[in-house]
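So the chains spell out like this:
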There are 2 protein chains.
Amino acid sequence: MFVIMIYDVGERRVAKMLKTGRKYLNWVQNSVLEGELSEGLLAKLKAEVKQKIDHESDSVIFYTWRSERYTARDVIGIEKNELALIV
Amino acid sequence: MFVIMIYDVGERRVAKMLKTGRKYLNWVQNSVLEGELSEGLLAKLKAEVKQKIDHESDSVIFYTWRSERYTARDVIGIEKNELALIV
């Protein structure tokens, strides 16, 4: 399945959330990751996220598509993940 | 087209970006909006975003799909837009 994960978590959990997401997906921009995952791995990722967030204040969205990726992804402004590739 | 817009902009431009996005899309979570738009309206939205961001530091992603919406959208943690509906 094609998955987009967008997290909005407290500052103290940002690094942890990025690290968790990156185990399964590719980083796109600050709080956005995307990639192809099997249903099993998606369930695993969600379970890890569930364990790591503060359920009173944090929020993580998973968009999933069974078939196609997307028609276009356009970035207006800077491409933050270019920096990540250099570091 | 089905559109997901995710913005990552400096604090001083957050409110402006949300206001711009909301003219065309529905708010999902802090920096995420989604909705159905014609190609013409999407171009208009992008043009507005281009004018309003700081091109040295801000970043706005537009995912677009010609056909289907998505198979699922799951939120782990709080559903921030429920609050928005109450306010």
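Since this is a predicted model, take the numbers as computed values, not measurements. (Residues numbered from 1 in each chain as written. Chains lettered and ligands numbered in written order. Predicted model: local features only at pLDDT ≥ 70, side-chain atom pairs only at ≥ 80, totals over all residues. Heavy atoms only, no water.)

Along chain A, the regular secondary structure elements total 3 helices and 5 strands. Starting at the N terminus and ending at the C terminus, chain A contains elements arranged as β-α-β-β-α-β-β-α. Out of the 87 residues belonging to chain A, those deemed buried represent 48%. Long-range pairs, those at least 24 residues apart, make up 70% of the contacts in chain A between residues at least 6 apart in sequence. When the accessible surface of chain A is totalled, it reaches about 4600 Å², and 50% of it is carbon and sulfur. (Helix = DSSP H or I, 4+ residues; strand = E, 2+ residues; numbered from the N terminus. Buried < 20%, exposed > 50% of the residue type's maximum accessible area, 1.4 Å probe, protein only. Contact = heavy atoms within 4.5 Å. Areas by Shrake-Rupley, 256 points an atom, 1.4 Å probe, with all protein chains shown as cover.)

The next subject is helix 1 (residues 11-24) of chain A. All names here are of chain A. Every buried residue of helix 1 is accounted for by Arg 13, Met 17, Thr 20, Gly 21 and Tyr 24. Seen end-on, helix 1 carries its buried residues on one side only, within an arc spanning 95°. Pointing more than 90 degrees away from the buried face of helix 1 are the exposed residues Ala 15, Lys 19 and Lys 23. (Arc of directions from axis to C-beta.)

Moving on: the relation of the copies chain A and chain B. Screw-axis analysis of chain A against chain B gives a translation of 0.0 Å along the axis, an RMSD of 0.0 Å, and a rotation angle of 180°. Viewed as a symmetry operation, the transformation between the two copies matches a two-fold axis. A symmetric contact is evident, with 97% of the interface residues of chain A recurring at the interface of chain B. (Least-squares fit on C-alpha atoms with pLDDT ≥ 70 in both.)

Counted residue by residue, strand 4 (residues 59-65) of chain A has 7 buried out of 7 residues, so it is predominantly covered. Burial along strand 4 of chain A is two-sided: Ser 59, Ile 61, Tyr 63 and Trp 65 of chain A and Val 60, Phe 62 and Thr 64 of chain A, pointing in opposite directions, are all buried. In terms of strand pairing, strand 4 of chain A meets strand 5 (residues 72-77) of chain B through 6 bridges, oriented antiparallel. Considered in strand 5 of chain B, the bridge of Ile 61 of chain A is made with Val 75 of chain B. (Pairing = 2+ DSSP bridges.)

With that settled, the discussion passes to the UniProt feature "binding site: Mg(2+)" (unreviewed entry) in chain A. When the UniProt feature table is mapped onto this chain, "binding site: Mg(2+)" (unreviewed entry) is found at Asp 8 of chain A. Position of Asp 8 of chain A among the secondary structure elements: in strand 1 (residues 2-8). (UniProt positions renumbered as here; feature names shortened; annotations may be inferred.)

For the structure shown, the criterion picks out 5 aromatic pairs over all chains. Between Tyr 63 of chain A and Trp 65 of chain A, the ring centres sit 5.9 Å apart and the planes meet at 25°, which makes this aromatic pair stacked. Owing to a relative accessible area of 0%, Trp 65 of chain A belongs among the buried residues under this scheme. Cluster of aromatic residues (ring-pair linked, three or more members): Phe 2, Tyr 63 and Trp 65 of chain A together with Phe 2, Tyr 63 and Trp 65 of chain B. (Phe/Tyr/Trp six-rings, centres within 6.5 Å; stacked < 30°, edge-to-face > 60°.)

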